[in-house]
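# Report on the structure
Each chain is listed here by its residues.
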Amino acid sequence: FAGQMTAAGKVPPAKVLVLGVGVAGLAAIQTAKNMGAIVRAFDVRAVTKEQVESMGATFLEVPIQEDGAGAGGYAKEMSDEYKAAQAQLMLDQAGDVDVIITTALIPGRQAPILVNQEMLDVMKPGSVLVDLAAANGGNVAQTEANKVIKTANGVTIIGYTDLPSRLASTSSTLFGNNVAKFLLSIGPQTTKEKGIFQIDMEDDAVQNMLIAYDGEARWPDKITPFSPPPPPPKAADDTVELSEEELLLAANEQQKAGFIRNAGIASAASFALLAFGFNAGSSDDVSLLATFALAGLAGYQVVWGVAPALHSPLMAVTNAISGMTAVGGMLLLADGSQSGGLIPDSPSHWMGAIATLLSFVNIAGGFLITVKMLDLFKRPEDPNDYFEFYAIPSAVLVGGLGAAYLGGNLEHVSGTVSIAAAICCIAAIAGLADQKTARTGNVLGIAGVSFGLASTLGDMSILGAEAAGFQQVALLGGVGATAGAAVASRVGPTELPQTVAAFHSLVGLAAMAGAAGEYLGNAGNLDTGTLAAIYLAVFIGGITFTGSIIAFSKLSGMMSSSPLQLPGRDQLNLGMVSTIALGMAAFLNPAMVDSAGIDPDTAQLASLTFSAILSSILGLHLVASIGGPDMPVVITVLNSYSGWALVAEGFLLGNSLLAQVGALIGFSGAILTWIMCEAMGRSITSVILGGAGTSTAAPGEAAEMEGEVTIGSVDNLVETLLEADSIMIVPGYGLAVAQAQFAVADIAKKLKAMGKKVRFGIHPVAGRMPGQLNVLLAEASVPYDMVFEMDEINDDFEDTDVTIVIGASDTVSSAAEDDPNCSIYGMPVLRVWKSKNVFVSKRTIGSTGYAGMENPILYKENVEVVLGDAHDTCEALRAAL
């Protein structure tokens, strides 16, 4: 039937012609296509053309424009002129095809003759006609009901009218499915109230199928035949064609707006540079700013090149690199004498110990998590990595640093090693641009941090650190690294978001401790620039610390994902920021409070302490005021904050390495935040400022759900998949919770082996952090060339036969486009509902997404809901396939 090619020659595939494209005709087309035949179809209803072509068949058209669509979706009788043209078309086809299947029925009338004697005479011997309209007289000239006859020229005509009984199993399954859906449609789905059964006579399907009701016969006179609604009128074409002059004018205006915007940004930057220059303490500060600016530009360029699938590893790497706050802690431990051995003996040393310990937790944990994630992306056919050879240049650098310690000139060599550290950190981000180089990028990140720490040990020696200082660093570093590795070893792809948030909190606290220690160890001897850097490091660190804790609590389910909506929220935030700004003025110029009788040192310490407390409260309130759906963006914002805290620490210490690395992380987080906000249709300013500018009142009434939820089954899904050519799988965070990724990967593999086109569609904020679902699928060995981002795949749903949604709700909700009152309105979503068939795996109908709202796609006609645990459903589907 499908044709074959052998040494003896080539046998072409069978040619099948289906006449009448109703339910039976479409089923015949699909079956013939699955068997490998060349399929053509004809119907007088022009609306069926798209359905035929979507199944891969050829739609035949009569060269006369006349629509045969009639009442109830059936065909109407056509004009004599049309019939003549149709007869000629059919005559041409009859001599060419091998099988003709006729399905044309008009209610209450004799079946029209579609294959007349002239057509029978030109058909090839051995051809077969299957007349499914035999009960109404047949569509073929010689059809005899309930008989199989053979014409004089060897054409077989099958006129069975009892095909349902001949296919008893299939008929029973389909009939039982119809009865079950009918019972559901007249049951609790009508009232949407559990336990309430009510027959809805306004439902066309119900009133057409119900032949008796309340003891009275309804058939035939009390049933209202269904008539499809008329097609909607075509929208008026409001397109206005512009002349060349008008187009040029519009382009000039757009260009002008861009130049004005860029000029404004450049002007603000100019004022900032001048302000820094007027307040710089020395030329070293200006050199440090130049280093920061160049590193920021380099980081800005490389971060844009990182593939979306690697955004999770990018955040893990930058999180680990932000552990360079250890540099500040180590230098604090080197400052001054150490009389207590391994126990810090001063407040500044204690702050340095805290910063060092927490930073090493972050470094070890962040890099180990990155290694685990990137190993998931590695495929069996990928070549081996030989990172051991990188030990040679590493040994050269570290060995040279040791030689400089023994032979002098340590200060200069230490500086050059720190340059290598910054270069490696920037190269690490560049390496994450592609899966093939991502593991190299992580190794470069590890090398960069290692060189930075080695350079800092050299700086400790230059400062005259005693043996106790080095011993404390070794002890604290060992304990912190062990703790970080222990935490990271237990983290899987599902726990990534809250773990990254927790590590961010450590960076914030370490930055606060490092800045506080610098002030406590040098109070009264610090210039204005250093004091400003200290205050800003405490401020940014405080927001990062408590904001990350709240993000961790929301992502792990310890707190409600709903936004905190205190009255006057924006005013509270503004008041706290203004108060912190006044505190900074008092910190930089303690003479402001002389009239209160407070000495300068006490005033500065009080201002710094107050800033630490209030910024921590501000961070708590900012993140608590942001709803669950925006948590992926909050993670990237906090990632950026940790970088700017590192920059502040670099300026207060005059350390170019911290300024460079901080700029890299700050810009990385800022760019990811921009990308995420664009993907979610969110205002970046609103997210950064804790929802500023959005209403604190409850949203308006959501749109009422219309229609009924169709309950599907795994069997239905399997049958639909077997008939499909193009399949899309859209996973969400529910897939991670159910740990169903391995079953899904196997399902995709089986379907692909059947010759079907299988792809995965990933929303940028699917999961709880950027790229989490990519990591999850990589864990299950799904090839990354099967995984596509929303922008790459969203236009393909209309051409997709089946879409399977597993554990996703908000990211596939049509309310984002249709309901202005819903909390996610305006957020770009995957338009899964445009597929021909959609199956949604859900635990219960009433369950909601992270935004706490029901998904209206469940009520669409082409959507079936498969109830049950996602893991169990996927396992059942895998077994059935």
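The structure we're discussing is the one just above.
What counts, and where the lines are drawn
Sequence order sets the numbering: in each chain, residues are counted from 1 along the sequence as written. Selection of residues for local features in this predicted model requires a pLDDT of at least 70, selection of side-chain atom pairs for listing and counting requires 80 or more, and totals for whole chains, interfaces and linings are taken over all residues. To obtain the side-chain values, all non-hydrogen atoms of the structure were included, while hydrogens and water were left out. Runs of H or I in DSSP of at least four residues are treated as helices and runs of E of at least two as strands, each being numbered from the N terminus. Think of it in three bands: residues with accessible area under 20% of the maximum for their type are buried, residues over 50% are exposed, and the middle band is partly exposed, with areas taken using a 1.4 Å probe on protein chains only. Throughout, a contact is declared for two residues whenever any of their heavy atoms are within 4.5 Å. Only the protein chains shown count as cover for residues, and the accessible areas themselves come from Shrake-Rupley with a 1.4 Å probe. Paired strands are those between which DSSP finds at least two bridges. Consider the strands pointing away from the viewer: the crossover is right-handed when the path from the first strand over the helix to the second runs clockwise. Any two cysteine sulfur atoms within 2.5 Å of one another count as a disulfide. Convention adopted: a line fitted to C-alpha atoms gives each axis, helices being fitted over their contacting stretch, and angles between N-to-C directions are expressed from 0 to 180 degrees. Should a side-chain nitrogen of Lys or Arg be within 4 Å of a carboxyl oxygen of Asp or Glu, the pair is scored as a salt bridge. An expected span of 1.5 Å times one less than the residue number is assigned to each helix. Each direction from the helix axis to a C-beta atom contributes to the arc, which is the arc of those directions. Crossing handedness: left-handed means the near helix sits turned counterclockwise from the far one by under a right angle, and right-handed means the same turn made clockwise. When residues are sorted by character, Ala, Val, Leu, Ile, Met, Phe, Trp, Tyr, Cys and Pro go into the nonpolar class, Asp, Glu, Lys and Arg into the charged class, and all the rest, Gly among them, into the polar class.

## Side note on the overall build of the chain
- Helix and strand counts for the chain stand at 31 helices and 18 strands.
- Sorting the 881 residues of the chain into buried and exposed places 47% on the buried side.
- By sequence separation, contacts in the chain at least 24 residues apart represent 74% of the contacts at least 6 residues apart.
- Taken as a whole, the chain presents about 40700 Å² of accessible surface, with 60% of it coming from carbon and sulfur.

## Let's talk about the pairing of strand β4 (residues 38-42)
- Burial runs high along β4: 4 of the 5 residues are buried.
- Where strand β3 (residues 15-19) and β4 come together, 5 bridges link them in parallel fashion. Paired with valine 16 across the bridge in β4 is valine 39.
- Handedness of the crossover is the feature at issue here: the chain leaves β3, passes through helix α1 (residues 23-34), returns alongside β4, and the resulting connection is right-handed.
- On the question of chirality, the crossover connecting β4 to the parallel strand β5 (residues 58-59) by way of helix α2 (residues 49-54) is right-handed.

## Side note on the state of the cysteines
- The tally for this structure, following the rule as stated, stands at 0 disulfides.
- In this structure cysteine 425 is a free cysteine whose sulfur lies 7.1 Å from that of cysteine 424, the closest cysteine sulfur available.
- When its relative accessible area of 0% is taken as the criterion, cysteine 425 is described as buried.

## Considering the sheet that holds strand β12 (residues 710-711)
- Pairing in this open sheet of 7 strands is parallel, and the strands run β12-β18-β17-β16-β13-β14-β15 from one edge to the other. Among the strands making up the open sheet, the edge pair consists of β12 and β15 (787-789).
- Bridge count between strand β13 (residues 726-731) and strand β14 (residues 757-762): 4 bridges; the pairing is parallel. Directly across from isoleucine 729, in β14, lies its bridge partner phenylalanine 760.
- Contacting β13, β16 (802-806), β17 (837-842) and β18 (863-867), helix α25 (residues 714-723) crosses the sheet at an angle of about 140° to β16.
- Each of β13, β14 and β15 is contacted by helix α28 (residues 772-779), which is oriented at about 140° to β14, the strand it contacts most.

## Digging into the pattern of salt bridges
- Tallied over the full model, the rule gives 13 salt bridges.
- The residue lysine 836 makes a salt bridge to aspartate 801 at a minimum N-O spacing of 3.9 Å. Of this pair, lysine 836 sits in the loop between α30 (815-818) and β17 while aspartate 801 sits in the loop between α29 (790-793) and β16; the two residues are 35 residues apart in sequence, bridging distant segments of the chain.
- Take lysine 836: its relative accessible area is 30%, and that puts it in the partly exposed class.
- The exposure class of aspartate 801 is buried, given its relative accessible area of 11%.

## Some remarks on the sheet that holds β5
- What the 7 strands build is an open sheet, ordered β5-β4-β3-β6-β7-β9-β8; its pairing is mixed. The strands lining the two open edges of the sheet, one partner per strand, are β5 and β8 (148-150).
- Across 3 bridges, the pairing between strand β7 (residues 128-131) and strand β9 (residues 156-158) is parallel. Each bridged residue has a counterpart across the sheet, and for valine 128 the counterpart in β9 is threonine 156.
- Across the sheet, helix α3 (residues 80-94) is in contact with β3, β4 and β6 (99-102); its angle to β4 comes to roughly 165°.

## Observations concerning helix α10 (residues 283-304)
- Here α10 is 22 residues long and its end C-alpha atoms lie 32 Å apart, about the 32 Å a rise of 1.5 Å per residue gives.
- Those residues of α10 that fall on the buried side of the exposure criterion are Leu288, Leu289, Phe292, Ala295, Gly296, Gly299, Val302 and Val303. The buried residues of α10 occupy an angular sector of 160° when the element is viewed end-on, so they sit on one face. Pointing more than 90 degrees away from the buried face of α10 are the exposed residues Ser283, Leu294, Leu297 and Gln301.

## Digging into the packing of helix α13 (residues 347-377) against helix α17 (residues 467-489)
- Between α13 and α17, the least distance of the axes is 7 Å, while the angle of their chain directions is 35°. The handedness of the crossing between α13 and α17 is right-handed. In this structure, α13 uses Ala353, Thr356, Leu357, Phe360, Val361, Ala364, Gly365, Leu368, Ile369 and Lys372 to contact α17, whose residues at the interface are Leu476, Gly477, Val479, Gly480, Ala481, Ala483, Gly484, Ala485, Ala488 and Ser489.
- Across the contact of α13 with α17, the residue classes tally to 13 nonpolar, 6 polar and 1 charged.

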